[in-house]
Amino acid sequence: SGAVGAGGALGYWGSFWSTTNQASGGVTSANVISINNTDPNSSGVSIVSGSQIKFANAGVYNIQFSAQFANYHNQDHDVDVWFVLNNSRIDWSNSRFSIIGTHGGINGHYIAAWNYMSTFAANDEIEIYWQTDNTLVQIERLPASGDAPDTPSIILTIDKL
């Protein structure tokens, strides 16, 4: 709520992140991405049941996320990430990428980051799913190191256009 901004925007938005490692449930198993933290100033967008992004108001929303993937195996492995709306997968929303294997004693890492924009009805719930071809791939949180702060496993922001 609040004053109407430029272009009639009501300012609905949400900022979320996860501080947990997220393991694969098995080779080619669909794994829902969990989110366990919410910016207390978020407005009109919330997390329900630890993974469902709920829109209180209808409109066009831009969803941006990044996920910190890690590969603990010495071979490269593929990951798929896609969206599910109201418990039904959204066709043509999948992306596939490869994560390099461990090398020189260092795990392979990859930041999956993109945005998805669509029209949502009031009370719609969207989730982000992933699967991999090897259980040694996970979504990883990292502790602070040197001057760098903690790394969340997921960062998610949403704003209504």
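For clarity, every value in this text was computed on a predicted model and none was experimentally measured.

The rules behind these values
- Residues numbered from 1 in each chain as written.
- Predicted model: local features only at pLDDT ≥ 70, side-chain atom pairs only at ≥ 80, totals over all residues.
- Heavy atoms only, no water.
- Helix = DSSP H or I, 4+ residues; strand = E, 2+ residues; numbered from the N terminus.
- Buried < 20%, exposed > 50% of the residue type's maximum accessible area, 1.4 Å probe, protein only.
- Contact = heavy atoms within 4.5 Å.
- Phe/Tyr/Trp six-rings, centres within 6.5 Å; stacked < 30°, edge-to-face > 60°.
- Polar contact = N/O pair within 3.5 Å; in protein donor to acceptor, adjacent residues only side chain to side chain.
- Salt bridge = Lys/Arg side-chain N within 4 Å of Asp/Glu carboxyl O.
- Patch = residues over 30% accessible without salt bridge, like charges linked within 9 Å, V, L, I, M, F, W, Y side chains within 5 Å.
- Areas by Shrake-Rupley, 256 points an atom, 1.4 Å probe, with all protein chains shown as cover.

1. Focus on the overall build of the protein
Moving on, step 1. Of the regular secondary structure elements, the protein holds zero helices and 14 strands.
Moving on, step 2. Each principal axis of the C-alpha distribution contributes one length, and for the protein these read about 55 × 40 × 25 Å.
Moving on, step 3. Counting only residues that meet the buried cut, the protein has 39% of its 161 residues in that class.
Moving on, step 4. Sequence-distant contacts in the protein: of pairs separated by 6 or more residues, those separated by 24 or more amount to 71%.

2. Here's the deal with unusual backbone geometry
Moving on, step 1. The backbone of S49 shows a phi angle near 55°, a positive value even though the residue is not glycine.
Moving on, step 2. Within the secondary structure, S49 is located in the loop between β5 (45-48) and β6 (52-55).

3. Comments concerning the packing of aromatic side chains
Moving on, step 1. Considering all chains together, one arrives at 11 aromatic pairs under this definition.
Moving on, step 2. Pairing F55 with F120 gives two aromatic rings, centres 4.3 Å apart and planes at 15°, and the pair type is stacked. Here F55, found in strand β6, pairs with F120, found in strand β11 (residues 108-120); they are 65 residues apart in sequence, far enough to count as distant. F120 shares its class with F55; the two are buried.
Moving on, step 3. In textbook terms, an aromatic cluster arises when at least three aromatic residues are bridged by ring pairs, as seen for F65, F69, F83, F97, Y110, W114, Y116 and W130.

4. As for the side chain of N71
Moving on, step 1. Relative to the assigned elements, N71 resides in strand β7 (residues 59-71).
Moving on, step 2. A polar contact of 3.2 Å, which involves the side chain of N71, links it to the backbone oxygen of I100.
Moving on, step 3. Here N71 is in contact with D76, H77, I99, I100, G101, T102, N107, G108, L136 and V137, once residues within four sequence places are set aside.

5. Remarks on the pattern of salt bridges
Moving on, step 1. In the structure shown here, the tally under the stated rule is three salt bridges.
Moving on, step 2. Where D150 meets R141, a salt bridge forms, and the shortest distance between an N and an O atom there is 3.8 Å.
Moving on, step 3. Residue R141 is classed as partly exposed on the basis of its relative accessible area, which comes to 27%.

6. Here's the deal with the side chain of S51
Moving on, step 1. Relative to the elements of secondary structure, S51 occurs in the loop between β5 and β6.
Moving on, step 2. For S51, the side chain forms a polar contact with the side chain of E127, separated by 2.6 Å.
Moving on, step 3. Not counting the four nearest positions on each side in its chain, S51 is found in contact with V32, I33, S34, I35, I126 and E127.

7. Structural notes on a nonpolar patch on the surface
Moving on, step 1. Residues V60, M117 and L161 make up a contiguous nonpolar surface patch of about 260 Å² in total accessible area.
Moving on, step 2. As for its placement among the helices and strands, V60 is situated in strand β7.
Moving on, step 3. In this structure V60 comes out as partly exposed when scored by relative accessible area, which is 32%.

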